[in-house]
Amino acid sequence: MNKDIQNWAKNTQKRIMDKLSITAEQIGPGRPHASKDGIYDNADINWWTNGFWPGILWHAYRATKDEKFKNIAEKCEQNLDEVLSGYVHTDHDAGFLWSLSAVANYKLTGNEKSRVRGLIAANYLAGRFNLRGGFIRAWNWQKGWAIIDCMMNLPLLYWASDAVDDPRYRYVAMAHADTVLREFFRGDGSVNHIVEFDIHTGEVTSIPQGQGYSPSSAWARGTAWAIYGMALSYMYTKEIRYLDAAKRVAHFFISNMPEDYVAYWDFRVPVDENTPKDSSAAACAASGLLEISRFVQEGEKELYLGNALKILKSLTENYAVFDSSKQEILRAGTAHVPQNQNINVGLIYGDYFYVEAIEKLCGNSALFW
Ligand code: GLY
């Protein structure tokens with residue numbers, strides 16, 4: 001990476017860490033999710049986003065060695081024990097919750113309690129596998145639904161296989177990833193958000209709309225989940241079909257980006273001056289593109305690295321909020337348009353992927369996933 005990029009990334013990292021030093025004390029071991037006027041709410045303890053704040057704090061701890069970040073991240077992780085032992089509210093988002101809290105802690109500190117939390121969560125996740133359909137069941141209110149977001153939960157399974165030296169979890173993850181390749185990927189590189197399976201025969205029964213504009217549209221964050229999730233499946237398995245898939249969906253994302261490289265909430269929504277962007281999709285895609293750039297040949301790297309940088313520079317110049325009187329790091333995230341929820345706000349997962357991507361550019365490329 002050239003010196004200019006490194007200097008830019010270091011400067012951006014400093015702005016982020018200076019802000020986090022203040023907001024970490026304000027938010028403490030809370031559960032920031034979506035912002036209102038730049039200040040975060042406190043999500044329900046079972047909500048899928050509660051790993052992102054400890055994940056950000058672990059990045060801050062690794063970058064600064066300031067114990068304050070570690071102490072708050074550990075408290076967030078302990079608070080999630082209520083969810084882990086309560087069991088009934090756990091779902092496929094075990095990966096989002098415990099990869100970025102417990103697994104991150106274990107990877108950075110060797111904490112044995114954290115390793116066990118990660119392993120318990122991996123067992124819950126593997127237990128959601130439907131053998132007939134070859135998919136991990138998403139939520140608890142539908143038995144036959146699999147969703148593209150789950151690609152980001154698979155790393156917990158790959159990690160668990162390595163942690164206990166037993167391929168069972170890895171095979172579950174690969175079976176799910178192969179089902180996604182078969183049933184979610186479309187010819188143009190875009191993906192379905194949800195696929196419904198018959199829970200006894202495994203046949204596909206419907207393609208529900210989910211969080212996109214329509215069942216056949218291309219929800220921006222789902223597209224980003226597919227880019228990064230397939231890249232991570234490749235990272236753990238070295239199976240080239242996953243890297244090829246990550247590249248295919250990345251090409252769709254890149255070739256449909258608007259002028260400022262920050263995607264509208266769906267690639268197929270009719271756009272006017274009021275159409276919301278989704279900075280979280282842009283940040284997740286950028287971090288996924290950086291991952292792909294690590295795995296491709298020299299001549300291909302520039303496509304992925306260059307586009308990741310275009311997104312990250314635009315986010316930094318046009319969407320990042322470094323002023324510490326606000327808690328959000330990225331504005332203009334969009335959570336759920338069909339349900340009219342959290343549109344054009346700060347979203348903790350957008351912040352997470354932005355921080356993670358800048359950390360990668362600063363050389364902190366070992367992942368918590
Ligand atoms: N995983 C839920 C979402 O992306 O909104």
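Residues numbered from 1 in each chain as written. Predicted model: local features only at pLDDT ≥ 70, side-chain atom pairs only at ≥ 80, totals over all residues. Heavy atoms only, no water.

> Could you give an account of the site of the ligand, naming the residues involved and the relevant values?
Around the ligand, the neighbouring residues are Trp 48, Asp 149, Gln 211, Trp 219, Arg 221 and Trp 225. A distance of 2.8 Å separates an oxygen atom of the ligand from a polar side-chain atom of Gln 211. Arg 221 has a polar side-chain atom sitting 2.6 Å from an oxygen atom of the ligand. Computed on the free molecule, the ligand has an accessible area of 190 Å², of which 92% lies beneath the protein chains in the complex. (Near = heavy atom within 4 Å. Polar contact = N/O pair within 3.5 Å; in protein donor to acceptor, adjacent residues only side chain to side chain. Areas by Shrake-Rupley, 256 points an atom, 1.4 Å probe, with all protein chains shown as cover.)

> Outline the nonpolar core, supporting the account with residue identities and numerical values.
Core analysis: the largest hydrophobic core is formed by 133 residues, its most contacted members being Phe 353, Tyr 354 and Trp 369. Examining the composition of this core, we find that twelve residues originate from one element, helix H9 (residues 220–237), more than from any other. Counting five residues, the second largest nonpolar core, distinct from the first, contains Ala 138, Trp 145, Ile 147 and Ile 194. (Core = buried A, V, L, I, M, F, W, Y, C linked by side-chain atoms within 4.5 Å. Buried < 20%, exposed > 50% of the residue type's maximum accessible area, 1.4 Å probe, protein only. Helix = DSSP H or I, 4+ residues; strand = E, 2+ residues; numbered from the N terminus.)

> Account for helix H11 (residues 279–295), naming residues and giving values.
With 17 residues, H11 should cover 24 Å at 1.5 Å per step; its first-to-last C-alpha distance of 25 Å lies within 8% of that length. Along H11, 16 of the 17 residues are buried, which leaves the element largely enclosed by surrounding structure. (Expected span 1.5 Å × (residues − 1).)

> Let's hear about the packing of helix H2 (residues 52–64) against helix H3 (residues 67–79): which residues, and what values?
Interhelical geometry of H2 versus H3 gives an angle of 155° and a closest axis separation of 8 Å. Here H3 runs roughly antiparallel to H2, going by the angle between their axes. When you trace H2 past H3, the crossing you get is left-handed. In this structure, H2 uses Trp 53, Pro 54, Leu 57, Trp 58, Ala 60, Tyr 61 and Thr 64 to contact H3, whose residues at the interface are Glu 67, Phe 69, Lys 70, Ile 72, Ala 73, Glu 74 and Cys 76. When the residues that make up the contact of H2 with H3 are grouped by side-chain class, the tally is ten nonpolar, one polar and three charged. (Axes fitted to C-alpha atoms, helices over the stretch in contact; angles between N-to-C directions. Parallel < 35°, antiparallel > 145°, perpendicular 65-115°, else oblique. Left-handed = near helix turned anticlockwise from the far one by under 90°. Contact = heavy atoms within 4.5 Å. Nonpolar A, V, L, I, M, F, W, Y, C, P; charged D, E, K, R; others polar.)

> Can you tell me about the pattern of salt bridges, naming the residues and giving the values?
Across all of its chains, the model carries 18 salt bridges by this definition. For Arg 182, the salt bridge is made with Glu 183, and the minimal N-O distance between the two is 3.1 Å. With its nearest N and O atoms 2.6 Å apart, the salt bridge here joins Asp 260 to Lys 277. Here Lys 277 lies in the loop between helix H10 (240–255) and H11 and Asp 260 lies in the loop between H10 and H11, a separation of 17 residues in the sequence. Of the residues examined, Asp 260 reaches a relative accessible area of 21% and is grouped as partly exposed. By relative accessible area, which is 13% here, Lys 277 ends up buried. Residues joined in a network through salt bridges with shared partners are Glu 291, Arg 294, Glu 356 and Lys 360. (Salt bridge = Lys/Arg side-chain N within 4 Å of Asp/Glu carboxyl O.)

> Give me the lowdown on the sheet that holds strand E5 (residues 145–147), citing residues and values where you can.
An order of E5-E6-E7 is seen for the three strands of this open sheet, with the pairing classed as antiparallel. Edge positions in the sheet fall to E5 and strand E7 (204–206), since each of these pairs with one other strand and no more. Direction aside, the axes of adjacent strands within the sheet are offset by 45° on average. With respect to the sheet, helix H8 (residues 168–183) is in contact with E5, strand E6 (194–197) and E7, its orientation differing from that of E6 by roughly 105°. (Pairing = 2+ DSSP bridges.)

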